[in-house]
Amino acid sequence: MTTLLGHRRARALAAATAAAGLALVAGCTSSGNGSSASRTVAGGVELVKAGQLTTCTHLPYPPFQSVIDGKVQGFDVSMVDLVAKDLGVKQKVLDTPFENFKTGAFLNSGQCDLAAAGMTITAERKKNVDFSTPYFDATQALLVAKGSGVTSLADAKAKKTKVGAQAQTTGEDYAKAQGLDPVSFESSDAVLNGLRTGQVKAVVIDYPVIQGWLKDKANAAAFQVAGQINTGEQYGITVKKGNTKLLAAVDKAIADAKADGTYKKLYEKWIGPYDASAASPAAS
């Protein structure tokens, strides 16, 4: 009886151990984001999470992305929605620090599939991420209070005007290149609020952002564009280095939108009167 009982206990222990081993293997091979097969969508694109296209952005940056009526909306959001539709999924937007877009950190760590944040295509950034074809031609502008007497960036420098810009942006880089020492702000809203409250007397920021801001009558009554700065900038959507299938899907969505009139409709909805040069496929 003792020997038989011992054998039974040994068999039970072995079975339990085997079951535990199988559970451990299953735990190691499964993922909270879904299996690789469940995350693969049209065109062989593999997403970081099943059923959604995860987009990194930095809020707020109207008219490209901001929270409106409790939902993230804007030109960039609408463009990426087109990509998501082609892939047969919905877009999920994550608000992340802007500096991560320059390094591709959130793409490399698998937190996002792509990044869309009104980001200028530069040679330096191309070292860390892959850019889509350009989807927007952007210019910088100098915004000042009416009656300030500042008429240009050179004038602001000569008068030692305190100038503001958004941190880690090409606007800030441009201001520094002109010999200015701009006050850095975390977001475009913070930049404009700094001007409104008198923390700075002028700001260098993307012109489309100013266009949206000046739609408010109170802002238009108090502030004006002292000069536009054509820096030859173009925006691109980024993916992780080597993610060729997703990049191809993004490029296709942009090309299709420009060809079928969708781009023009979205441009007029979020930016303003359509400028055909905005649809130019040539990178600067």
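Presented here is an overview of the structure given in this document. Each chain has its residues counted from 1, running along the sequence as written. Given that this is a predicted model, residues contribute local features only at a pLDDT of at least 70 and side-chain atom pairs are listed and counted only at 80 or more, while totals for whole chains, interfaces and linings are drawn from all residues. Hydrogens and water are ignored here; the side-chain numbers use all heavy atoms of the structure.

**Quick notes on the state of the cysteines**
Then step 1. What counts as a disulfide here is a pair of cysteine sulfur atoms lying within 2.5 Å. Inspection of every chain in the model, using the stated rule, returns one disulfide.
Then step 2. The disulfide partner of cysteine 56 is cysteine 112, and the S-S distance across this bridge is 2.0 Å. Between cysteine 56 and cysteine 112, the disulfide has an S-S torsion of 65 degrees and is therefore right-handed. Here cysteine 112 lies in the loop between α4 (105-108) and β5 (114-115) and cysteine 56 lies in strand β1 (residues 52-57), a separation of 56 residues in the sequence.
Then step 3. Remark: exposure states derive from per-residue accessible area (1.4 Å probe, protein chains only) relative to the maximum for the residue type, with buried under 20%, exposed over 50%, and partly exposed in between. In this structure cysteine 112 comes out as buried when scored by relative accessible area, which is 2%. In this text, helices come from DSSP runs of H or I with a minimum length of four residues, and strands from runs of E with a minimum of two, each type numbered from the N-terminal end.

**Focus: the layout of surface pockets**
Then step 1. A cavity here means a set of points on a 1 Å grid, drawn over the protein atoms and nothing else, where a 1.4 Å probe fits but cannot get out; a pocket is an open set with protein on both sides within 12 Å along at least five of seven lines, and a residue lines either one if it has an atom within 4 Å of a point. Grid points are joined across faces, edges and corners, and a volume is the space filled by probe spheres set on the points. Reported here for the largest pocket is a volume of approximately 380 Å³.
Then step 2. As for the largest pocket, its lining consists of 16 residues, and the residues nearest its centre are Lys71, Val72, Val77, Asp81 and Gln91.
Then step 3. The set of elements that each furnish at least two residues to the lining of the largest pocket consists of β3 (71-73), α2 (75-87), β4 (90-95) and α12 (262-270).
Then step 4. Top element by residues in the lining of the largest pocket is α2. It accounts for five residues.
Then step 5. All residues other than Ala, Val, Leu, Ile, Met, Phe, Trp, Tyr, Cys, Pro, Asp, Glu, Lys and Arg, Gly among them, are scored as polar; the first ten of these are nonpolar and the last four charged. For the lining of the largest pocket, the residue count by class is six nonpolar, four polar and six charged.

**What to know about α12**
One turn of an α-helix holds 3.6 residues; hence residues three or four places apart share an orientation.
Then step 1. Here α12 has its buried residues at Tyr263, Leu266, Tyr267 and Trp270. Each buried residue of α12 lies within a common arc of 105 degrees when the element is viewed along its axis, so the set occupies one face. What points out from α12, more than 90 degrees from its buried face, is the exposed set Lys265 and Lys269.
Then step 2. On its buried side, α12 packs onto β2 (66-68), β3, α2, β7 (136-145) and α11 (244-260).
Then step 3. Of the residues one or two after α12, glycine 272 is the one with positive phi, at around 145 degrees. Here, the arc refers to the directions that run from the helix axis to the C-beta atoms. The contact criterion used throughout is that any non-hydrogen atoms of two residues lie within 4.5 Å.

**Let's talk about empty space enclosed by the protein**
Then step 1. For the structure shown, the criterion picks out two cavities of 30 Å³ or more.
Then step 2. Here the largest cavity is characterised by a volume of approximately 160 Å³.
Then step 3. Taken together, 20 residues form the lining of the largest cavity, with Tyr61, Gly118, Gln166, Thr169 and Asp206 sitting closest to its centre.
Then step 4. Secondary structure elements with two or more residues in the lining of the largest cavity: α7 (170-177), β10 (202-206) and β11 (223-235).
Then step 5. Among the elements that make up the lining of the largest cavity, the one with the highest residue count is β10 (three residues).
Then step 6. The class makeup of the residues in the lining of the largest cavity is eight nonpolar, nine polar and three charged.

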